[in-house]
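Coordinates in review
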Amino acid sequence: MRCGRVTNRVTPPDGRGAAVGASAHHRALEALYAAAPINRLFESKLEISGPGEARIHFTVDERYFHAAGAAHGTAYFKMLDDAAFYAANTLVSDRFLLTTQFNLLFTRPLAHGPAVAEGRWISGQRRVLIADARLLDGAGEEVARGTGTFMRSRMPLSSLPGYQM
């Protein structure tokens, strides 16, 4: 996925500069993702390469299959929602975002093997943010895409286990 250059900057929490503050925020978001209990069920790794961008790397195996031998929609949703969510949350350094809406388009079955969900921020930064994501199989073929709307919650990121700056 080609992500357009995002010019909006994360407000650095410590005044050390936008680049340092953004990088620390991104690493803290990656740690928050790794600490989430759901990721014991869906083994995966979050990678944030810059503002408005996130990737979730994971491997599909039989644990995620429905009766017809391909990944169940829950795996599609989880990875697409997470990629879009974290792409949006890279631009919000003080609050945890909440998914308020997410639309999915399934284009083909996702079989056993490596996969990646690529998320990118589209618009908004104040109260509501919009981001999309696409899910790619191991051959780089798109198998699904989704668009989400995310709203700032009242929960400070700093209060969540795993988020450490």
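Rules used in this analysis
Residues numbered from 1 in each chain as written. Predicted model: local features only at pLDDT ≥ 70, side-chain atom pairs only at ≥ 80, totals over all residues. Heavy atoms only, no water. Helix = DSSP H or I, 4+ residues; strand = E, 2+ residues; numbered from the N terminus. Buried < 20%, exposed > 50% of the residue type's maximum accessible area, 1.4 Å probe, protein only. Contact = heavy atoms within 4.5 Å. Areas by Shrake-Rupley, 256 points an atom, 1.4 Å probe, with all protein chains shown as cover. Expected span 1.5 Å × (residues − 1). pLDDT = per-residue confidence, 0-100. Core = buried A, V, L, I, M, F, W, Y, C linked by side-chain atoms within 4.5 Å. Phe/Tyr/Trp six-rings, centres within 6.5 Å; stacked < 30°, edge-to-face > 60°.

1. Looking at the overall build of the protein
In terms of regular secondary structure, the protein is built from two helices and six strands. Starting at the N terminus, the α and β elements of the protein follow one another as α-β-β-α-β-β-β-β. Evaluated residue by residue, the protein yields a buried proportion of 45% over its 165 residues. Contacts spanning at least 24 positions in sequence make up 67% of the contacts within the protein whose residues lie at least 6 apart. Roughly 8,400 Å² of accessible area belongs to the protein as shown, and the carbon and sulfur atoms make up 53% of that amount.

2. Some points on helix 2 (residues 73-89)
For helix 2, which comprises 17 residues, the first-to-last C-alpha distance of 24 Å matches the rise-based estimate of 24 Å (1.5 Å per residue) to within 8%. Of all 17 residues in helix 2, 14 are buried; the element is thus mostly enclosed.

3. Structural notes on the confidence of the model for the protein
With 88% of its residues at a pLDDT of 70 or more, the protein has an overall mean of 90. A low-confidence stretch, residues 1-17 (pLDDT under 50), is modelled with 33 contacts involving residues beyond four sequence positions or located in other chains.

4. Observations regarding the nonpolar core
Counting residues in each nonpolar core, the largest one holds 42 residues, and the members touching the most others are Leu110 and Leu135. Looking at this core, the elements that each hand over two or more residues are helix 1 (18-35), strand 1 (44-50), strand 2 (53-60), helix 2, strand 3 (95-106), strand 4 (113-123), strand 5 (128-137) and strand 6 (142-156). When residues in this core are grouped by element, the largest group, 10 residues, is from helix 2. Setting aside residues up to four positions removed in sequence, Leu110 forms contacts with Phe58, Val60, Ala70, Ala71, Tyr76, Ala115, Leu135, Asp137 and Val143.

5. Thoughts on the packing of aromatic side chains
With the rule as written, the count across this model stands at seven aromatic pairs. Ring centres of Phe77 and Phe102 lie 5.6 Å apart, and the angle between their planes is 85 degrees; on these two criteria the pair is classed as edge-to-face. Taken together, the residues span a long stretch of sequence, with Phe77 in helix 2 and Phe102 in strand 3 at a distance of 25 residues. Aromatic pair Phe85 and Phe150: ring centres 6.1 Å apart, planes at 70 degrees, arrangement edge-to-face. With Phe85 in helix 2 and Phe150 in strand 6, the pair connects residues that are 65 residues apart, well separated along the chain. Here Phe85 and Phe150 have matching classes, each one buried. These aromatic residues form a ring-pair network of at least three members: Tyr33, Phe85, Tyr86, Phe96 and Phe150.

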